[in-house]
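These are the residues of each chain, in order.
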Amino acid sequence: MKFTPPPDHGTLDAYYIADVLAALYRSGRTGALRVEKGVFLKTLYVQDGQVAYASSNAQSDRLGEVLVRHGLLTPEQLDDAMKRLQPDVSLGKVLVQLGYLSPKELVQGAHLQVAAVVDSLFQWTEGTYHFMEGPLPKQVVNLHIPLPALVLEYTARHAPVAWVRRYLPEDHEARASLLETFYRVQPEMSLPSEVEEVFTWLDGQSTVEEIAARTGREAFFIAKVIVGLGVLGLAEVTLTPRPVSVPETVPVSSESQPVSPPTKVPPTPTETLRVVTAEMEAPRPEPEAPPPTRPPAPPPTQPLTGVVTVPQRHYRRRVAAAVRLRRVAVAVFLTVLALGLSGLALWVWRQGRSPQPVPTEVPPTRPPAPPAPVPPTPTAPAAEAPTPPTESLTPAPTPSPPTPSGPPPVAVTVETPPAPGPGSGPEVAPLIEQRELSTAARRSSEWLRRQDPQAWTVQVELACRVETVVQALRQVRNPEQMYVLPKSFRGQPCYVIGYGVFSDPAAAEEARRTHLSEDLLRQPSPPRVISVRQIRRLAGE
């Protein structure tokens, strides 16, 4: 894969923002990158190829809005600080002076502001950019944010298909291996677990499709990570033409075609297809005798000569169907087992239940029972069997003469209570309203471990203040589906807010659009649909 650095100024429809930032990183330049789109202006300050700070004239990217959105500041505190703001004093300094933020929280908020600006830039596909090289202004505070971490994270989220195909053509296979420069910058980067998981499979031998099949992730996601590493110069990406596959519906007999030498490589896929078509259409004479020599039989793991192989996408569909079938079988087995255990528990409960007296069911021919059990008198006839003790408590529904073999059968009618349906969430809303987030997080973690890791959920946001969690609870349609997971963020205890568990991503996406408020959906880092396994990894479980 060849990377050509873009010029210092241009348009985003010709050059993606990842190419511009990768060029600044690889050259180690210092200056300000101004990106404009309509009335919006966003600026990234770069020091020696690393991001120092970011600014924006968009209201959602302002420091105060970011602090309130992430729960580090309340709206009332922000309004008070804005009233006391002076022309030559920054908002962050005023917040620290008023005691609303500690210096550590202010640095954390500045990192979140840079992340919000970069995240929005990676979603722009039009606009203009201009890099002005030179020393940074004195008022710019250098946060020393690794630029490769930002490029890899937001490329994996927002990179368009056209940009990825420009580096990885669809008719080529891509293989990548990490370079020494990657291991030098890796300790400085803090990336999502799904991105770091791809790094472990980049051995220079596995293709994008093979890595996707092993990790269970989409091939396009793997391709975006590989292209991001390639443009940053952290990985060596090699491209090879894809082998031409014969359609499944055309069986080719090894007896009627000569065996091609295995070392002969066709010049291009187009010429190969033309040669194969010509050979299939031309009549061939019946061979009088088998060829004198044949190549050795391929190993069982390789496709045989003349046998049409199933494309990779068909194989993955069949594997996914087998996995779904296995899950359904396991679910049916667990359901039957639960019903059997419930029946056994009900039977034990009925056996241990003491019968209650039902005087209205006493037959009219039987004498009324005394108020208290009375032992049989000595004057009872010798031939009559003694009355069993349970006869006076629960009489039989129909009179029957006592027999020496035992008491008459007692008919007990027990109304089986309906089985409770599965809960839709951990039901931690009352705990969140009472500000007991530690208890709510513990209960949510226990509930989420019982869910299917392959199921889907909605990650709402990351909150580090109690009021932010309570406010998010009031902005969802069904509060009982909301849950919180503990998360340590830059040494500060925070919470990952999630909503619901769904069987497929389409249902989760529908809930994200219809169950969450507009304020949540309009955030620079809006709620997204991820798997249960991913949100557990995000929370560090």
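What you see is a predicted model, and the numbers here were worked out from it, not measured in a lab.

(A) View of the overall build of the protein chain. Across its full length, the protein chain holds 19 helices and 12 strands. Within the protein chain, buried positions represent 35% of all 541 residues. Contacts spanning at least 24 positions in sequence make up 73% of the contacts within the protein chain whose residues lie at least 6 apart. By element, 58% of the accessible surface of the protein chain is carried by carbon and sulfur atoms, the whole surface being about 32,300 Å².

(B) Broad picture of the packing of aromatic side chains. Going through the model one piece at a time under the given rule, you end up with 7 aromatic pairs. Centre to centre, the rings of Trp447 and Tyr483 are 5.5 Å apart; their planes meet at 55 degrees, and the pair counts as tilted. Residue Trp447 is found in helix α15 (residues 437–449), and its partner Tyr483 is found in strand β10 (residues 482–489); the two are separated by 36 residues along the sequence. For the pair shown, Trp447 and Tyr483 are each scored as buried. By way of ring pairs, the aromatic residues Tyr16, Phe122, Tyr154, Trp163 and Tyr167 are connected into one cluster.

(C) Structural view of the packing of helix α1 (residues 17–27) against helix α11 (residues 219–232). Closest axis-to-axis distance for the α1/α11 pair is 8 Å, and the angle between their directions is 40 degrees. Between α1 and α11, the angle is such that the two are oblique. From α1, Asp19, Ala22, Tyr25 and Arg26 reach across to α11, where they touch Gly230, Val231 and Leu232. Tallied by class, the residues present in the contact of α1 with α11 amount to 4 nonpolar, 1 polar and 2 charged.

(D) Just a positive patch on the surface, in detail. A contiguous patch of positive charge, built from Arg324, Arg326, Arg327 and Arg533, is present on the exposed surface. Inspection of the secondary structure puts Arg324 in helix α13 (residues 312–352).

(E) Representation of the side chain of Thr43 in the model. Within the secondary structure layout, Thr43 lies in strand β3 (residues 40–47). Residues contacting Thr43, with those up to four places away along its chain left out, are Ala32, Leu33, Arg34, Tyr53, Ala54 and Ser55.

(F) The arrangement of the pattern of salt bridges in detail. Considering all chains together, one arrives at 19 salt bridges under this definition. In this structure, Asp19 engages Arg166 in a salt bridge whose closest nitrogen and oxygen atoms are separated by 2.5 Å. Remark: Arg166 occurs in helix α7 (residues 161–167) and Asp19 occurs in helix α1; sequence separation between them is 147 residues. A salt bridge links Arg522 to Asp519, with the nearest nitrogen and oxygen atoms 2.9 Å apart. Take Arg522: its relative accessible area is 58%, and that puts it in the exposed class. The network of salt bridges with shared partners includes Glu509, Glu510, Arg512 and Arg513.

(G) Local environment of the state of the cysteines. Per the stated rule, a full pass over the model turns up 1 disulfide. In this model Cys464 forms its disulfide with Cys494; the gap between the sulfur atoms is 1.9 Å. Looking down the S-S bond of the Cys464 and Cys494 bridge, the torsion is 95 degrees, so its handedness is right-handed. With a gap of 30 residues between them, Cys464 in the loop between β9 (456–463) and α16 (466–473) and Cys494 in strand β11 (residues 492–502) connect regions that are remote in the sequence.

(H) Region of interest: the sheet that holds strand β6 (residues 172–178). Strand order in the open sheet made by the 3 strands is β7-β6-β8, with antiparallel pairing throughout. Lying at the two open borders of the sheet, with one neighbouring strand each, are β7 (203–207) and β8 (235–241). With strand direction ignored, the average angle separating the axes of adjacent strands in the sheet is 25 degrees. α11 rests against β6 and β8 of the sheet, and its axis sits at about 120 degrees to β8.

(I) Up close: α1. Within α1, 9 of the 11 residues are buried, leaving the element largely enclosed by the surrounding structure. Restricting attention to buried positions, one finds in α1 the residues Ile17, Ala18, Asp19, Val20, Leu21, Ala22, Ala23, Leu24 and Tyr25. Following α1 by one or two positions, Gly28 adopts a phi angle in the positive range, close to 65 degrees.

(J) Structural detail: the nonpolar core. Ile17, Leu33, Phe199 and Leu229 are the most contacted members of the largest nonpolar core, which totals 66 residues. Here this core takes 9 residues from α11, the largest share from any one element. Once you skip the residues sitting within four places of it in the chain, Ile17 turns out to touch Leu12, Leu33, Val35, Leu121 and Phe122. Leu437, Leu473, Ile497 and Ala508 belong to the second-largest nonpolar core, a separate cluster that totals 25 residues.

(K) Representation of a nonpolar patch on the surface. Together, Val330, Phe333, Leu334, Leu337, Leu341, Leu344, Trp347 and Val348 give the surface a local cluster of nonpolar side chains, amounting to about 820 Å² of exposed area. Along the chain, Phe333 turns up in helix α13. Classification of Phe333 as exposed rests on a relative accessible area of 54%.

(L) A look at unusual backbone geometry. Within the chain, Asp48 stands out as a residue other than glycine whose phi angle is a positive 55 degrees. Locating Asp48 in the fold gives a position in the loop between β3 and β4 (50–56). In this structure, Glu427 is a non-glycine residue whose phi angle is positive, near 60 degrees. Looking at where Glu427 falls in the secondary structure, it is placed in the loop between α13 and α14 (429–433).

Conventions and cut-offs
- Residues numbered from 1 in each chain as written.
- Predicted model: local features only at pLDDT ≥ 70, side-chain atom pairs only at ≥ 80, totals over all residues.
- Heavy atoms only, no water.
- Helix = DSSP H or I, 4+ residues; strand = E, 2+ residues; numbered from the N terminus.
- Buried < 20%, exposed > 50% of the residue type's maximum accessible area, 1.4 Å probe, protein only.
- Contact = heavy atoms within 4.5 Å.
- Areas by Shrake-Rupley, 256 points an atom, 1.4 Å probe, with all protein chains shown as cover.
- Phe/Tyr/Trp six-rings, centres within 6.5 Å; stacked < 30°, edge-to-face > 60°.
- Axes fitted to C-alpha atoms, helices over the stretch in contact; angles between N-to-C directions.
- Parallel < 35°, antiparallel > 145°, perpendicular 65-115°, else oblique.
- Nonpolar A, V, L, I, M, F, W, Y, C, P; charged D, E, K, R; others polar.
- Patch = residues over 30% accessible without salt bridge, like charges linked within 9 Å, V, L, I, M, F, W, Y side chains within 5 Å.
- Salt bridge = Lys/Arg side-chain N within 4 Å of Asp/Glu carboxyl O.
- Lys, Arg positive; Asp, Glu negative; His and termini not counted.
- Charge placed at Lys NZ, Arg CZ, Asp CG, Glu CD.
- Disulfide = S-S within 2.5 Å.
- Pairing = 2+ DSSP bridges.
- Core = buried A, V, L, I, M, F, W, Y, C linked by side-chain atoms within 4.5 Å.

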